[in-house]
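Coordinate analysis (summary)
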Protein chains: 2
Amino acid sequence: MQPTQFYKCLSDETRLRCLLLIKAEQELCVCELMQALDESQPKISRHLAQLRNCELLTDRRQGQWVFYSINPELPPWALNVLTETLNSNPAFIEDDKLRLQKMGDRPERTRLCCI
Amino acid sequence: MQPTQFYKCLSDETRLRCLLLIKAEQELCVCELMQALDESQPKISRHLAQLRNCELLTDRRQGQWVFYSINPELPPWALNVLTETLNSNPAFIEDDKLRLQKMGDRPERTRLCCI
DNA sequence: TTAGTATATATGAAAATTCATATATATAAA
DNA sequence: TTTATATATATGAATTTTCATATATACTAA
C-alpha cells in the first residue's frame, strides 16, 4: 500500500464518508450508502470500485445486493489511520448515520458466521 | 482541520515527501527540500505554501532562509497520522534523506531555544 | 417451467472540474 | 548584485460527475 495512493483515496469527500461509514457499520451495500450520503447510484458505485481496486475495501454479493467492508488485509498503519480519523471526527459522518438510521427496508444480512 | 482537506494535502507525492521529511528533521528550508527531493524551486515553494495555508506547516524566516516545520497546533489525530505514516513507511523518504545528508553547505540554524 | 417486469449494481463515454507543473517575474535579505 | 523564496499565468493532465445503458438477480403470474 503506497502512502500516496492510500491518501488519494481518502482525499475525496464521498470516498472518505463511504469508508468511515462502512468502518463504523462493519458492512454496507450500495443502496444503503446512496441513502446515507444522499448521492447518485453511479457516483457511489464508482467510488466504491476505486476503493476496492486500491484494496481498501472488499465486497461480497448476497443475492441482489453487494456488500462492502474494510479489507481485512489492510496494513495496520492504514487501519490505524482510519480508526484515528473516525474516532476523532465523529461529526464528519453524523448526518450520514442519521439518514442511514431513518432508512426503512434495509436489506437483511445473512451472517457470515453464527452464534 | 477538515479530514478531507488534510488528506488532500497528503495525497500528492511531493507534498507528502516534504511533510514527512520535515517531520523527521524538525525543520527544513526551501533550498534543503529542493536538494533532498531533487525538484524545482517554484514547485517546492508552491507546495509548501499550500501546506502552510492549510495549517499543516508553519514557517519562520531567518535571514535569507525560510524554515518550515510541522505546525505545533496541528490536532493530535492529524499528528498521529503523520507519525504512523512516517514510522511505518521509512522507505518512502529514504532517498530524500540520503540526498539531504550529502548536501554540503547547509544553512546554519539559530536555535530558537538553547542548552 | 417460462415470460415479463422490477430492483440492484456496474460501466462506457462525454462533459465539467480540479490539480500540478513550467516559465517568467517579483520580492526580500545580505 | 547575488542568493533565497514567492507568486502570476498558462497549459496540460488527471479526476470527478453525469447520462445512458448493460448485467445480474429477484419476483410474479401464467
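Up top you'll find the structure we're talking about.
I will try to describe carefully the structure that is included in this document. Values in this document were obtained by computation on a predicted structure and should not be read as measured data. (Residues numbered from 1 in each chain as written. Chains lettered and ligands numbered in written order. Predicted model: local features only at pLDDT ≥ 70, side-chain atom pairs only at ≥ 80, totals over all residues. Heavy atoms only, no water.)

1. Considering the environment of A49 of chain A
Relative to the helices and strands, A49 of chain A resides in helix α4 (residues 41–53). Placed 45 residues apart in sequence, A49 of chain A and E94 of chain A show a C-alpha to C-alpha distance of 24 Å. (Helix = DSSP H or I, 4+ residues; strand = E, 2+ residues; numbered from the N terminus.)

2. Quick look at the sheet that holds strand β3 (residues 65–70) of chain B
Residue and element names in this part refer to chain B. With antiparallel pairing, the three strands of this open sheet are ordered in space as β1-β3-β2. The outermost strands of the open sheet, each flanked by one partner alone, are β1 (27–29) and β2 (57–62). Shown here is a sheet whose adjacent strand axes are inclined to one another by a mean of 30 degrees, direction ignored. In the sheet, β2 pairs with β3 via six bridges, with the strands oriented antiparallel. Bridge pairing links D59 to Y68 in β3. Where helix α4 (residues 41–53) meets the sheet, it contacts β2 and β3, and its direction lies at approximately 120 degrees from that of β2. (Pairing = 2+ DSSP bridges. Axes fitted to C-alpha atoms, helices over the stretch in contact; angles between N-to-C directions. Contact = heavy atoms within 4.5 Å.)

3. Looking at the protein's contact with DNA strand C
Around DNA strand C, a shell composed of 23 residues is seen, among which C31, Q41, R46 and Y68 of chain A together with H47 of chain B lie nearest. For DNA strand C, the backbone portion of the atoms within 4 Å of the protein, that is sugar and phosphate, comes to 54%. The backbone of V66 of chain A places a nitrogen or oxygen atom 3.3 Å from a phosphate oxygen of DNA strand C. Side-chain polar atom of D12 of chain B to a phosphate oxygen of DNA strand C: 3.4 Å apart, as the coordinates give it. (Near = heavy atom within 4 Å. Polar contact = N/O pair within 3.5 Å; in protein donor to acceptor, adjacent residues only side chain to side chain.)

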